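Spelled out, the chains give:
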Amino acid sequence: MLPGYRDIVETVHLYLKSFGQCAPLADMPACSLGRASTRDGLPVYILLCPQLYDRPGNPYGDEAARLAGQ
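Quick caveat, the model's predicted, so the values are computed rather than measured.

Definitions and limits used
Residues numbered from 1 in each chain as written. Predicted model: local features only at pLDDT ≥ 70, side-chain atom pairs only at ≥ 80, totals over all residues. Heavy atoms only, no water. Core = buried A, V, L, I, M, F, W, Y, C linked by side-chain atoms within 4.5 Å. Buried < 20%, exposed > 50% of the residue type's maximum accessible area, 1.4 Å probe, protein only. Contact = heavy atoms within 4.5 Å. Disulfide = S-S within 2.5 Å. Pairing = 2+ DSSP bridges. Helix = DSSP H or I, 4+ residues; strand = E, 2+ residues; numbered from the N terminus.

**Considering the nonpolar core**
Counting six residues, the largest nonpolar core is built from Tyr-5, Cys-31, Leu-33, Leu-47, Cys-49 and Tyr-53. Residues within four places of Cys-49 in sequence aside, it is in contact with Pro-29, Ala-30, Cys-31 and Asp-54. Val-12, Ala-36, Val-44 and Ile-46 belong to the second largest nonpolar core, which has five residues in total.

**Let's talk about the state of the cysteines**
A complete count under the given rule lists zero disulfides for this structure. Not engaged in a disulfide, the cysteine Cys-22 finds its nearest cysteine sulfur in Cys-31; these two sulfurs lie 3.9 Å apart. Left without a disulfide partner, Cys-49 is nearest to the cysteine sulfur of Cys-31, which lies 5.2 Å away.

**Notes on the pairing of strand β4 (residues 43-48)**
Side-chain positions along a regular strand alternate between the two faces of the sheet. Summarising the sheet, strand β1 (residues 2-3) and β4 pair through two bridges and their orientation is parallel. Of the residues in β4, the one forming a bridge with Leu-2 is Ile-46. By the bridge criterion, six bridges tie strand β3 (residues 31-37) to β4 in an arrangement that is antiparallel. Note on β4: the bridge partner recorded for Arg-35 is Tyr-45.

All we've got here are geometric facts, nothing functional implied.
If you want it as structure tokens, here you go:
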């Protein structure tokens, strides 16, 4: 399972199928679950939550490759 960061979703958006929902819990927002496949058929599950992941960059840094928190 991968977090649905913008780069990931944009890469698989043509093949991404939403198949479930996660209700909000504690301070976490509601999200959807998506499924896509790699070129060789490996299923990839993606946690779709724009409030958490719809931003440029990746889990470790921003679009300019600066590490988070620096």
